[in-house]
Amino acid sequence: MTDTIRLALVGMGKIAHDQHVPAIAGNPAFELVATVSRSPNGVEGVPHFHDIDELAKSDIAVDAVALCTPPQVRHAIAAAALENNWHVFLEKPPGATLAEVAVLEELAAKANVTLFASWHSRYALGVEPAREWLSARKVTSAAITWREDVRQWHPGQAWIWEAGGFGVFDPGINALSIATHIMPQPFFIEQATLDFPANRDAPIAADVAFRTTDGRPVTLDLDWRQEGHQSWDIVVETTDGTLKLAEGGAVLTLPDGSTPHHEEGLHGEYPGLYARFAELVQGGRSDVDIAPLRHVADAFMRGKRREVEDFVE
Ligand code: NAP
C-alpha cells in the first residue's frame with residue numbers, strides 16, 4: 001500500500017455526493033481513485049464502474065472502499081471488498097441484520113484489514129462534550145425526539161420503505177448512535193409501538209420506552225409525519241440540571257447556559273469520520289460498534305405493530 005489510501009466510493013446517491021466526495025477531497029490521507037454505481041452518476045475525472053466486480057477486474061489499484069448503498073445490498077458488496085483485501089468503511093446502518101455485520105467482522109479479521117462501522121452523528125459538534133459532561137453525572141431520565149418530514153428528507157427513496165430499509169429508524173438510528181455514546185449507563189427496551197403504513201413494509205413512526213441499567217427511563221419518539229418545525233433533540237435530566245443536545249447533536253446547551261462544542265474541521269461529521277477511518281487503517285484496527293443497530297433490531301423484535309393509514313409520497 002502507498003502512503004495515500006486509494007479509495008473507491010460505492011453507491012453514488014445523495015450521501016456519497018453531498019458528504020463523502022467533499023470529505024475525501026478535504027483529507028490528504030485519501031485519494032478517490034474510482035466510483036461504483038449502477039447509474040453513470042460518478043465524479044468528473046474519476047474512473048466509474050457499474051459494480052464492484054468490474055472494479056476488481058480493472059487495473060485500478062484500490063486499498064479501501066466506502067459503501068453508501070442502501071443497507072439491504074451492503075453486505076454482499078462489503079464481503080466482496082473484504083475478499084479483495086480492501087479496507088471497508090460502512091455507511092450507517094452497518095447492515096440490514098446483526099448477523100451479517102458479525103460475518104463481516106470475521107472476514108475483516110481474517111483478511112487483516114480494517115472494517116469501520118461509521119456513525120456520522122457521533123461526530124456532530126456537541127456530542128463529545130455532551131459525553132464528557134455526562135460521564136461525571138447522575139442521569140435521572142432522558143427523552144429523545146426525532147421528528148422530521150419524510151417527504152422533505154427522503155424523497156423518492158423506495159428502499160427506505162422496504163423491509164431492511166428501517167423506515168423511520170433510518171434517521172432514528174442516528175439518535176441512538178448519539179444516545180449510546182453519551183449516556184453513562186447502558187439501556188434496553190422495555191416496550192415499543194411501531195406504526196406501519198398499511199401499504200409499506202417499514203414504520204413511519206415509533207414510540208419506544210427504554211430503561212437504563214440503574215432503572216432510569218429513556219424515551220424515543222420518532223415520527224416521519226412532522227411538518228413545520230423539525231426536531232432532532234436529546235434532553236437528559238441529571239441531578240446537576242438539564243443537558244440539551246439539539247439539531248442532531250450539533251448544539252449542546254448545559255444547565256449553566258454554556259454551549260461547548262468541538263471545533264469544526266476534523267471534528268465535523270464526515271471530516272471526522274474520514275479522519276477516524278484513516279487512523280484505523282494506518283493503525284491496522286477495526287471499529288464496529290453495533291449498539292445502535294442492536295436497539296433497532298430489539299425494537300422490531302420487542303415492539304407492537306400498529307397499522308396506520310397508507311403513506312403516499
Ligand atoms: P440514495 O440517495 O438512495 O443513494 C443510494 C445509492 O445506492 C443509489 O443512488 C444507488 O445508486 C445505489 N444502490 C445500489 N444498489 C441499490 C439498490 N438495490 N437500491 C437502491 N439503490 C441502490 O440514499 P442515501 O440517502 O445516499 O443513503 C445511502 C445510505 O447512507 C443509507 O444507509 C443512509 O442511511 C445513509 N445516510 C444517508 C444520509 C442522508 O442524509 N441522505 C445521511 C447519512 C447516512 P445506483 O442506482 O447508481 O446504483
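Cut-offs applied
- Residues numbered from 1 in each chain as written.
- Predicted model: local features only at pLDDT ≥ 70, side-chain atom pairs only at ≥ 80, totals over all residues.
- Heavy atoms only, no water.
- Helix = DSSP H or I, 4+ residues; strand = E, 2+ residues; numbered from the N terminus.
- Buried < 20%, exposed > 50% of the residue type's maximum accessible area, 1.4 Å probe, protein only.
- Contact = heavy atoms within 4.5 Å.
- Near = heavy atom within 4 Å.
- Polar contact = N/O pair within 3.5 Å; in protein donor to acceptor, adjacent residues only side chain to side chain.
- Areas by Shrake-Rupley, 256 points an atom, 1.4 Å probe, with all protein chains shown as cover.
- Nonpolar A, V, L, I, M, F, W, Y, C, P; charged D, E, K, R; others polar.
- Axes fitted to C-alpha atoms, helices over the stretch in contact; angles between N-to-C directions.
- Pairing = 2+ DSSP bridges.
- Core = buried A, V, L, I, M, F, W, Y, C linked by side-chain atoms within 4.5 Å.
- Domains from an automatic or database assignment.

The chain has the name D-galactose 1-dehydrogenase in an unreviewed UniProt entry, where Sphingomonas pseudosanguinis is given as its organism.

Caption draft 1: Local environment of the environment of proline 260. Positionally, proline 260 belongs in the loop between strand S13 (251-253) and helix H8 (269-283). Relative accessible area serves as the criterion here: at 28%, proline 260 is assigned to the partly exposed category. Distance from proline 260 to proline 129, taken between C-alpha atoms, is 6.6 Å for residues 131 residues apart in sequence. When near neighbours in sequence (up to four residues on either side) are disregarded, proline 260 contacts Gly126, Pro129, Leu252 and Leu254.

Caption draft 2: Representation of the site of the ligand. Every one of the 22 residues lining the ligand counts as a neighbour, but Ser37, Ser39, Arg74, Gln157 and Asp170 are closest to it. In the environment of the ligand, an oxygen atom lies 2.6 Å from a nitrogen or oxygen atom belonging to the side chain of serine 39. Lysine 92 is positioned such that a nitrogen or oxygen atom in its backbone is 2.9 Å from an oxygen atom of the ligand. In isolation the ligand offers 870 Å² of accessible surface; the protein chains occlude 79% of this area. When grouped by side-chain class, the residues that make up the shell around the ligand number nine nonpolar, seven polar and six charged.

Caption draft 3: Inspection of the packing of helix H5 (residues 127-135) against helix H7 (residues 169-182) at higher detail. For the pair H5 and H7, interaxial distance at closest approach is 9 Å and the crossing angle is 35°. Taking contact as the criterion, the partners of Val127, Glu128, Ala130, Arg131 and Leu134 in H5 are, on H7, Ile178, His181 and Ile182. Here the contact of H5 with H7 is composed, by residue class, of five nonpolar, one polar and two charged.

Caption draft 4: Highlighting the sheet that holds strand S8 (residues 187-197). Overall, mixed pairing links the eight strands, which are arranged S13-S12-S11-S7-S10-S9-S8-S14 in an open sheet. Of all the strands in the sheet, just S13 and strand S14 (304-308) have a single pairing partner and so form its edges. Across the sheet, the mean angle separating the axes of adjacent strands is 10° when strand polarity is ignored. Relative to strand S12 (residues 241-246), strand S11 (residues 231-238) runs antiparallel, the two sharing five bridges. Residue pairing for S12: glutamate 237 is matched across the bridge by threonine 242. Strands in contact with H5 are strand S7 (139-147), S11, S12 and S13; relative to S12, the strand with the most contacts, it is inclined by about 160°. Sheet strands in contact with H7 are S7, S8, strand S9 (205-212), strand S10 (217-223), S11 and S12, and its direction is about 155° off that of S7.

Caption draft 5: Here's a closer look at the side chain of glutamine 226. Of note, glutamine 226 is situated in the loop between S10 and S11. Looking at glutamine 226, the relative accessible area reads 17%, which means it is buried. Side-chain polar atoms of glutamine 226 contact the side chain of arginine 147, separated by 3.3 Å. With near-sequence residues (within four places) excluded, glutamine 226 lies in contact with Arg147, Glu148 and Asp149.

Caption draft 6: Quick look at the nonpolar core. Ranked by internal contacts, the top residues of the largest apolar core, which has 77 residues, are Val65, Val88, Phe169, Ile182, Leu220, Leu243 and Leu245. At seven residues, the largest contribution of residues to this core is made by H7. Among the domains, domain 1 (5-117) and domain 2 (121-265 + 296-308) are the pair contributing at least three residues each to this core. Discounting residues that sit within four places of it in the chain, valine 88 has contacts with Val65, Leu67, Ala78, Ala81, Leu82, Thr114, Leu115, Phe116 and Phe277. The next biggest cluster of nonpolar side chains, apart from the first, holds 24 residues, and it includes Leu9, Val46, Cys68 and Leu273.

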